[in-house]
Amino acid sequence: METTQQAGEPGSAERRRRELLEAADRVVLRDGPKASMNAIAAEAGITKPILYRHFGDKAGLYQALAVRHTDALLDSLRAALDAPAERRKRVESTLETYLAAIEARPQVYRFLMHPAEDPQAAERGFDVGRHTAPLLRRLGEELAQVIGERVDLGPGGERLARVWGHGIVGMMHAAGDWWLGERPCAREELVAALTDLLWGRLATAGNRADGPGF
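The structure reproduced in this document is the subject of the present report. If you're wondering where the values come from, they're calculated on a predicted model, not measured in any experiment.

Here is what the cut-offs are and how they apply
Residues numbered from 1 in each chain as written. Predicted model: local features only at pLDDT ≥ 70, side-chain atom pairs only at ≥ 80, totals over all residues. Heavy atoms only, no water. Helix = DSSP H or I, 4+ residues; strand = E, 2+ residues; numbered from the N terminus. Buried < 20%, exposed > 50% of the residue type's maximum accessible area, 1.4 Å probe, protein only. Contact = heavy atoms within 4.5 Å. 1 Å grid on protein atoms, 1.4 Å probe; cavity = no way out; pocket = protein on both sides within 12 Å on 5 of 7 lines; lining within 4 Å. Points joined across faces, edges and corners; volume = space filled by probe spheres on them. Nonpolar A, V, L, I, M, F, W, Y, C, P; charged D, E, K, R; others polar. Salt bridge = Lys/Arg side-chain N within 4 Å of Asp/Glu carboxyl O. Lys, Arg positive; Asp, Glu negative; His and termini not counted. Axes fitted to C-alpha atoms, helices over the stretch in contact; angles between N-to-C directions. Parallel < 35°, antiparallel > 145°, perpendicular 65-115°, else oblique. Expected span 1.5 Å × (residues − 1). Core = buried A, V, L, I, M, F, W, Y, C linked by side-chain atoms within 4.5 Å.

## Brief notes about unusual backbone geometry
Phi at Arg 183 takes a positive value of approximately 45°, unusual for a residue other than glycine. With respect to the element layout, Arg 183 can be found in the loop between helix H9 (157–182) and helix H10 (187–198). The class of Arg 183 is partly exposed, set by a relative accessible area of 40%.

In structure tokens, the structure reads:
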């Protein structure tokens with residue numbers, strides 16, 4: 001159990017918060033959207049009030065987990081976009097990175113993107129839909145920035161880059177959600193099909209003269 005002395009040690013709050021998020025990850029991997037504050041507190045070896053002290057409620061814990069996993073996903077997506085390869089290959093690699101990430105940890109994905117199927121299993125006041133939109137918007141803005149920095153879209157290019165960024169993220173999310181639930185084809189087939197869909201104007205747009213290229 002936590003003690004007042006431990007909580008007052010330099011750096012202990014940040015370290016303890018990280019440990020609690022790791023405990024929450026373990027429960028989410030096991031229980032998915034049904035992960036409860038009680039189960040997470042038990043996994044961490046603390047009481048539920050102490051968990052509330054760190055995160056406030058399940059929504060606060062959700063937001064902390066969303067930031068944790070979104071940061072990791074964005075790092076992976078940036079690496080795919082920056083890899084030395086021709087443009088179509090990097091588009092394929094980016095889509096592959098996203099789909100591989102949700103396939104590798106489907107319970108985490110479902111926790112972040114779907115409410116518990118049993119409404120009684122979720123803590124009161126936790127509306128997962130209210131929190132997924134900011135997560136998807138963040139991904140969309142990040143991708144829009146990459147596109148805007150690298151592709152010459154002409155007049156109105158900044159606005160168009162945001163349209164493309166959010167549109168591509170929406171496509172990845174919707175297609176990935178459907179694919180993860182039904183598994184109608186191999187991941188490689190889905191990646192190729194989505195790349196073909198994107199490969200219209202993106203294939204012919206020139207790189208910005210002052211950018212790193214895309």
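On we go.
## As for the environment of Arg 90
Within the element layout of this structure, Arg 90 appears in helix H6 (residues 87–104). Each residue touching Arg 90, except ones within four places of it in the same chain, is listed here: Ala 80, Leu 81, Ala 83, Ala 85, Arg 150, Gly 213 and Phe 214.

## Regarding the layout of surface pockets
Sizing a probe to match a water molecule and rolling it over the atoms shows the empty space that remains. Its volume calculated, the largest pocket comes out at about 300 Å³. Lining the largest pocket are 15 residues; nearest its centre among them are His 69, Leu 73, Ala 101, Ile 102 and Leu 112. Looking at the lining of the largest pocket, the elements with two or more residues in it are helix H5 (58–82), H6, helix H7 (106–113) and helix H8 (128–150). In terms of residues, the lining of the largest pocket owes the most to one element, H5, which gives five residues. A breakdown of the residues in the lining of the largest pocket according to their chemical character gives eleven nonpolar, three polar and one charged.

## Quick word on the pattern of salt bridges
Any two side chains of opposite charge can pair, so long as their charged atoms come close to each other. For the structure shown, the criterion picks out 15 salt bridges. Notably, a salt bridge pairs Asp 25 with Arg 68, separated by 3.0 Å at the nearest N-O pair. Linking Asp 25 in helix H2 (residues 12–31) with Arg 68 in helix H5, this pair joins segments that are 43 residues apart in sequence. We classify Arg 68 as partly exposed; its relative accessible area is 29%. When salt bridges that share partners are traced, they join Glu 96, Glu 103, Arg 183 and Arg 187 into one network.

## A word on empty space enclosed by the protein
What the rule picks out here adds up to one cavity of 30 Å³ or more. Of the pockets and cavities examined, the largest cavity occupies roughly 120 Å³. Taken together, Leu 81, Val 91, Thr 94, Leu 95, Leu 143, Ile 147, Trp 164, Ile 168, Leu 198, Leu 202 and Phe 214 make up the full set of residues lining the largest cavity. Breaking the lining of the largest cavity down by element, the ones donating at least two residues are H6, H8 and H9. The biggest single contributor to the lining of the largest cavity is H6, with three residues. For the lining of the largest cavity, a count of residues per class yields ten nonpolar, one polar and no charged.

## With respect to the side chain of Arg 87
Relative to the elements of secondary structure, Arg 87 occurs in helix H6. Salt bridges are absent for the buried Arg 87, whose nearest opposite-charge side chain, Glu 86, sits at 7.4 Å. Beyond its immediate chain neighbours, meaning those up to four positions away, Arg 87 contacts Trp 199, Leu 202, Ala 203, Ala 205, Gly 206, Asn 207 and Phe 214.

## Digging into the packing of H2 against H5
Contact geometry for H2 and H5: axes closest at 11 Å, N-to-C directions at 90°. Classified by the angle between their axes, H2 and H5 sit roughly perpendicular to one another. Every residue of H5 that contacts H2 at Arg 17, Arg 18, Leu 21, Glu 22, Ala 24, Asp 25 and Val 28 is listed here: Leu 61, Ala 64, Leu 65, Arg 68 and His 69. The residue makeup of the contact of H2 with H5, split by class, is six nonpolar, one polar and five charged.

## Remarks on H9
Here H9 spans 37 Å end to end across 26 residues, near enough to the 38 Å set by a 1.5 Å rise per residue. Arg 183 lies just past H9 and shows a positive phi near 45°.

## A short note on the nonpolar core
Formed by 60 residues in total, the largest nonpolar core has its most connected members in Leu 51, Leu 61, Leu 95, Tyr 98, Leu 139 and Ile 147. When residues no more than four places from it in sequence are discounted, the contact partners of Tyr 98 are Leu 73, Leu 77, Tyr 109, Met 172 and His 173.

Worth remembering: the numbers are spatial, not functional.
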